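Observations on the model geometry
As a plain string of letters, each chain reads:
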Amino acid sequence: SATKAQARNSIFEAERDTANTLQSANAEAVRAAAIVSAIGDATPDAIYAKDRSGRITYANPSTLAVIGKSLAELLGLTTVEYNPNNKEAAEIDANDARIMASGVNEVVDEFFTGPNGHARMFRSTKSPIRGSDGAVIGLAGVSTDVTAERLAIAALKESEGRFRGLSETVPAFI
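**Thoughts on the packing of aromatic side chains**
Applying the stated criterion across every chain yields a total of one aromatic pair. Plain terms: the ring middles of Y82 and F112 are 6.4 Å apart, the flat faces sit at 40 degrees to each other, and that makes the pair tilted. One end of the pair, Y82, is in helix α4 (residues 79-82); the other, F112, is in strand β3 (residues 106-113), with 30 residues separating them in the sequence. We classify Y82 as buried; its relative accessible area is 9%.

As structure tokens, then:
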């Protein structure tokens, strides 16, 4: 009977330890989710995650604004389902598939035409997401709108070209 009592106590202690471990793990998961949410809400950059099949599993408010859908509308969709521009969608999907297959982070420039019809260029840093066994289970991305920067560079190059052409013809007039 003393052995049964010891066994019951051992089982009770093991259950209590398991419950405490689960409670700690849950608290850590809630804390981590709050941090990710705070970062996602604070940045103007689009932050998103996709599963191995390319379906959206996370999107911050900036991503939702770029795509023009609510989180409820976007979750579970693939690129071709939320981007009607087939060429852009194919390029984004090819980048994502390559990164998930290689397991290596990349920085890529991608075009995305929003619901307003304006094409924008994004510099996207994309990383594979790995499961507890190390296998790639998805992709995380942070995309910065670099459209204004690209337009400024193009304007500067055009201006330099005009100046160079002018400077080459000025000696002929002197």
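There's more to say after this.
**Some words on the pairing of strand β4 (residues 119-130)**
Taken together, the eight bridges between β3 and β4 define a ladder with antiparallel strand orientation. Across the sheet, the residue bridging to E110 is F122, located in β4. Linkage of β3 to β4, two consecutive antiparallel strands, is achieved through a turn of five residues, within which G117 is found at a positive phi near 85 degrees. Turn length for the β4-strand β5 (residues 136-145) hairpin, with the two strands adjacent in sequence and antiparallel, is five residues, and the turn residue G134 shows positive phi of about 90 degrees.

**Section: the pattern of salt bridges**
A side chain with one charge may pair with a side chain of the opposite charge, provided their charged atoms come close. If you walk through the whole model with that rule in mind, you get eight salt bridges. Across the salt bridge formed by K126 and E110, the nearest N and O atoms sit 2.9 Å from each other. One end of the pair, K126, is in strand β4; the other, E110, is in strand β3, with 16 residues separating them in the sequence. Accessibility classification places K126 together with E110 in one group, the buried group. Salt bridges sharing common partners tie together K50, D96, E110 and K126.

Each value, and the rule that gives it
Residues numbered from 1 in each chain as written. Predicted model: local features only at pLDDT ≥ 70, side-chain atom pairs only at ≥ 80, totals over all residues. Heavy atoms only, no water. Phe/Tyr/Trp six-rings, centres within 6.5 Å; stacked < 30°, edge-to-face > 60°. Helix = DSSP H or I, 4+ residues; strand = E, 2+ residues; numbered from the N terminus. Buried < 20%, exposed > 50% of the residue type's maximum accessible area, 1.4 Å probe, protein only. Pairing = 2+ DSSP bridges. Salt bridge = Lys/Arg side-chain N within 4 Å of Asp/Glu carboxyl O.

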